[in-house]
Amino acid sequence: MEVMLICSMFEGLPRQGPGLDEATAFAFSFLPPDARRGSILDIGCGSGMQDIALARICPDCQITALDVYQPFLDELMSRAKKAGFDKRIVTRQASMDDLPFGEKSFDIIWAEGSAFIIGIETALRTWKKFLKPDGYMMFSDCTWFTDSPSDECKTFFQEISPDMPTVPQVEEMIRTEGYSLIGSFRLPDTGWYTHFYNPLAARLDLLREKYAGNADAQCIIQGLEMEMDIFRKYSKEYGYTYFIMKLS
């Protein structure tokens, strides 16, 4: 129930998490030319800003965008139709921990800011069977940039993400699960503010009014305000890292 509540609160936002079209394009550029075609599965796509970006930079790709929340998928297809990509993007409503596809179905798996939902290690282990031999995976997720975070920052994440890894820890997970790391990079702070935090902050008062009698929603809103404050203070200590890899 809380997942659907959170999704409903994020309807209509440009993104449901940090990201930039430029970061999507840069991550895609790590793939060799012969890999920049074929089938892409985007897991936990939200309203799919990254899918529009992928369709634009990869005219030979067919994209399957998967999310558990149908209104996000409807919004994505509306965007795809306006951009002229509705013939190359299809959607599927399903959970990322129960993917409704056959093994070795996709050339590329893409997941911007969603792997944490089931855990990065679990995602690496369970999603790889859906890749074709020598397939590629890209995911972005929140990581520590330091082994010694500030007390306030550390306390905050102990409440919401106690197992958040460092970049070297994620790299070790990648190798252990049978992938070869091609490259990685940090999402710049603009990827948090431009299309995520700024539009979200502008909506919080409306959300407070809309969910005035909903204690769970009010708690979520307070948590989002705290999250934005923590990032303003400590963005040098943590953030999103993009990891690009090949199945060995």
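The text that follows walks through the structure, step by step, so that each part is easy to find. (Residues numbered from 1 in each chain as written. Predicted model: local features only at pLDDT ≥ 70, side-chain atom pairs only at ≥ 80, totals over all residues. Heavy atoms only, no water.)

Moving on, we come to the overall build of the chain. Secondary structure summary: the chain contains nine helices and seven strands in total. For the chain, the C-alpha radius of gyration of 18 Å lies close to 18 Å, the compact-globule estimate for 248 residues. Here the chain holds 248 residues, and the buried ones make up 50% of them. Contacts in the chain between residues at least 24 apart in sequence constitute 78% of all its contacts with a sequence separation of at least 6. A total of about 11,700 Å² of accessible surface is found on the chain, and carbon and sulfur atoms cover 51% of it. (Helix = DSSP H or I, 4+ residues; strand = E, 2+ residues; numbered from the N terminus. Rg over C-alpha atoms; globule rule 2.2 N^0.38 Å. Buried < 20%, exposed > 50% of the residue type's maximum accessible area, 1.4 Å probe, protein only. Contact = heavy atoms within 4.5 Å. Areas by Shrake-Rupley, 256 points an atom, 1.4 Å probe, with all protein chains shown as cover.)

A word on the state of the cysteines. Applying the stated criterion across every chain yields a total of one disulfide. Sulfur-sulfur distance for the disulfide between Cys 58 and Cys 61 comes to 1.9 Å. On the sign convention where negative means left-handed, the S-S torsion of about 55° between Cys 58 and Cys 61 marks this disulfide as right-handed. A residue is classified by how much of its surface remains accessible, and Cys 58, at 1% relative accessible area, is buried. Owing to a relative accessible area of 0%, Cys 61 belongs among the buried residues under this scheme. (Disulfide = S-S within 2.5 Å.)

Counting 58 residues, the largest nonpolar core has Met 9, Phe 28 and Tyr 238 as its most contacted members. Residues within four places of Tyr 238 in sequence aside, it is in contact with Cys 142, Thr 143, Trp 144, Phe 145, Cys 153, Phe 157, Met 164, Trp 192, Glu 227, Ile 230 and Phe 231. Ile 109, Met 137, Phe 243 and Met 245 belong to the second largest nonpolar core, which has 29 residues in total. (Core = buried A, V, L, I, M, F, W, Y, C linked by side-chain atoms within 4.5 Å.)

Next up on the list: the side chain of Ser 39. Position of Ser 39 among the secondary structure elements: in strand β1 (residues 38–43). Classification of Ser 39 by relative accessible area gives buried; the value is 15%. Contacts of Ser 39, omitting those with residues within four sequence positions, involve Gln 62, Ser 105, Phe 106, Asp 107, Ile 108 and Lys 132.

Time to look at the packing of helix α2 (residues 21–29) against helix α3 (residues 49–57). Packing of α2 against α3 brings their axes to within 9 Å, and their N-to-C directions diverge by 50°. Classed by the angle they form, the pair α2 and α3 counts as oblique. Of the two possible hands of crossing, α2 and α3 adopt the one that is right-handed. Note on element contacts: α3 touches α2 through Met 49, Gln 50, Ala 53, Leu 54 and Ile 57, opposite Asp 21, Thr 24, Ala 25 and Phe 28. (Axes fitted to C-alpha atoms, helices over the stretch in contact; angles between N-to-C directions. Parallel < 35°, antiparallel > 145°, perpendicular 65-115°, else oblique. Left-handed = near helix turned anticlockwise from the far one by under 90°.)

Another aspect to go through is the side chain of Ser 140. You can see Ser 140 is positioned in strand β5 (residues 131–144). Excluding residues that lie within four positions of it along the chain, Ser 140 makes contacts with Ala 111, Glu 112, Gly 113, Ser 114, Tyr 240, Thr 241 and Tyr 242.

Under the definition given, this model contains 22 aromatic pairs. Judged by centre distance (5.7 Å) and plane angle (80°), the ring pair of Phe 231 and Tyr 238 falls under edge-to-face. By relative accessible area, Phe 231 is classed as buried at 0%. One aromatic cluster is present, formed by Phe 10, Trp 144, Phe 156, Phe 157, Trp 192, Tyr 193, Phe 196, Tyr 197, Phe 231, Tyr 238 and Tyr 240 through successive ring pairs. Taking NZ or CZ as reference, Arg 186 lies 3.8 Å from the ring centre of Phe 145, over its face. (Phe/Tyr/Trp six-rings, centres within 6.5 Å; stacked < 30°, edge-to-face > 60°. Lys NZ or Arg CZ within 6 Å of the ring centre and 35° of its normal.)

Okay, the environment of Gln 62 next. Mapped onto the elements, Gln 62 comes out in strand β2 (residues 61–67). It is 21 Å that separates the C-alpha atoms of Gln 62 and Ala 115, two residues lying 53 residues apart in sequence.

Functional significance is not addressed by these values, which are geometric in nature.
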